[in-house]
Amino acid sequence: MRSSSATGLHLRRAEKADCSTLAGLAKSAHSRPWNQAQYLQSLVAGHQCWLLATDAGAIGFCVFNQSGDEAEILDMVISPGWRRRGLAEQLLSHLIAQLPRHTRRLLLEVRTSNLAAHSLYRKLGFSEDGLRKNYYPADNGGREDAVLMSLALHPIVKEAG
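Residues numbered from 1 in each chain as written. Predicted model: local features only at pLDDT ≥ 70, side-chain atom pairs only at ≥ 80, totals over all residues. Heavy atoms only, no water.

Enquirer: Would you take a moment to explain the overall build of the chain for this structure?
Expert: Within the chain, the regular secondary structure consists of 4 helices and 7 strands. Listing every helix and strand of the chain by position from the N terminus yields β-α-α-β-β-β-α-β-α-β-β. Scaling as 2.2 N^0.38, a compact globule of 161 residues should have a C-alpha radius of gyration of about 15 Å, and the chain matches this with 16 Å. The 161 residues of the chain split such that 40% are buried. Excluding contacts between residues fewer than 6 apart, the proportion of contacts in the chain whose partners are at least 24 apart in sequence is 58%. (Helix = DSSP H or I, 4+ residues; strand = E, 2+ residues; numbered from the N terminus. Rg over C-alpha atoms; globule rule 2.2 N^0.38 Å. Buried < 20%, exposed > 50% of the residue type's maximum accessible area, 1.4 Å probe, protein only. Contact = heavy atoms within 4.5 Å.)

Right under this line is the structure:
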């Protein structure tokens, strides 16, 4: 996804100065959002974040970490007013295309109740790998399971010997 005047969407790497914006977007979309300091810590730790915006402002982002031959999505938000327009799919497709060639798998975890995200990830080819019981805090004071998912990317090519 590139900057496009036809769509009015712009995609760029987030910087430390964007942490307040990231926290505001997360607060609008998540019941247990990261705060500004957590986004700053994430960027300082070397995590990458792609920020999706219109001319009027930021509408979404995806934070991920690359470690060796795996990458992991740590947080993803599309502003509630911009959902159901294919933007999350476009953002993830862009992220996947930008991953280094040596990346073998893209990992994530998602709340069991987030059915829209499950559908999106399956559409993009992710498979369910397992369950983390009672992983997320729930609004009712209880806990909610996390579904572990992965997307196989570039297969390991063995040299002829």
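Enquirer: I would appreciate a short explanation of the packing of helix 3 (residues 87–98) against helix 4 (residues 115–123) in the present structure.
Expert: Each pair of packed helices can be described by the angle between their axes along with the distance between the axes. Axis separation between helix 3 and helix 4 bottoms out at 11 Å; the angle between their running directions is 45°. One way to sum up the angle between helix 3 and helix 4 is to call them oblique. Judged by the twist between their axes, the crossing of helix 3 over helix 4 is right-handed. On helix 4, the residues that touch A88, E89 and L92 of helix 3 are L120, Y121 and K123. Tallied by class, the residues present in the contact of helix 3 with helix 4 amount to 4 nonpolar, no polar and 2 charged. (Axes fitted to C-alpha atoms, helices over the stretch in contact; angles between N-to-C directions. Parallel < 35°, antiparallel > 145°, perpendicular 65-115°, else oblique. Left-handed = near helix turned anticlockwise from the far one by under 90°. Nonpolar A, V, L, I, M, F, W, Y, C, P; charged D, E, K, R; others polar.)

Enquirer: What is the right way to look at the pattern of salt bridges in this model?
Expert: Working definition: two side chains of opposite charge can pair if their charged atoms are close together. What the rule picks out here adds up to 7 salt bridges. A salt bridge links R132 to E109, with the nearest nitrogen and oxygen atoms 2.4 Å apart. Residue R132 is found in strand 6 (residues 127–137), and its partner E109 is found in strand 5 (residues 105–111); the two are separated by 23 residues along the sequence. For R132, a relative accessible area of 35% puts it in the partly exposed group. Here E144 and R111 are joined by a salt bridge, their closest N and O atoms 3.0 Å apart. Here E144 is found in strand 7 (residues 143–152), whereas its partner R111 is found in strand 5, with 33 residues between them in sequence. Like E144, the residue R111 is buried in the burial classification. (Salt bridge = Lys/Arg side-chain N within 4 Å of Asp/Glu carboxyl O.)

Enquirer: Would you mind going over the packing of aromatic side chains with me for this structure?
Expert: For any pair of aromatic rings, the description rests on two quantities: the centre-to-centre distance and the angle between the ring planes. Enumeration according to the criterion identifies 4 aromatic pairs in this entry. Seen from their ring centres, W34 and Y39 are 4.9 Å apart, and the 45° between their planes marks the pair as tilted. A residue is classified by how much of its surface remains accessible, and W34, at 25% relative accessible area, is partly exposed. Y39 gets classed as buried once you look at its relative accessible area, which sits at 1%. Three or more aromatic residues joined by ring pairs make a cluster, and in this case those are W34, Y39 and F61. We note R13 situated over the ring of W50; from NZ or CZ to the ring centre the distance is 5.9 Å. Across the ring face of Y135, the terminal group of R132 is positioned such that the distance to the ring centre comes to 5.4 Å. (Phe/Tyr/Trp six-rings, centres within 6.5 Å; stacked < 30°, edge-to-face > 60°. Lys NZ or Arg CZ within 6 Å of the ring centre and 35° of its normal.)

Enquirer: Please explain helix 3 as it appears in this structure.
Expert: Structurally, the α-helix is built with 3.6 residues per turn, so residues lying three or four positions apart point the same way. For helix 3, which comprises 12 residues, the first-to-last C-alpha distance of 17 Å matches the rise-based estimate of 16 Å (1.5 Å per residue) to within 8%. Taken together, the buried positions of helix 3 are L87, A88, L91, L92, H94, L95 and I96. (Expected span 1.5 Å × (residues − 1).)

Enquirer: Explain the layout of surface pockets to me, please; I cannot follow it from the model alone.
Expert: Rolling a probe over the atoms, with the probe sized like a water molecule, indicates the empty space that remains. Its boundaries defined by the atoms lining it, the largest pocket holds a volume of some 1100 Å³. In terms of lining residues, the largest pocket is bounded by 35 residues, among which H30, M76, N114, A117 and Y121 are the most central. Counting only elements with at least two residues in the lining of the largest pocket, the list comes to strand 4 (70–78), helix 3, strand 5, helix 4 and strand 6. Broken down by element, the lining of the largest pocket gets its largest block of residues, 7 residues, from strand 4. Classifying every residue of the lining of the largest pocket by side-chain character gives 19 nonpolar, 6 polar and 10 charged. (1 Å grid on protein atoms, 1.4 Å probe; cavity = no way out; pocket = protein on both sides within 12 Å on 5 of 7 lines; lining within 4 Å. Points joined across faces, edges and corners; volume = space filled by probe spheres on them.)

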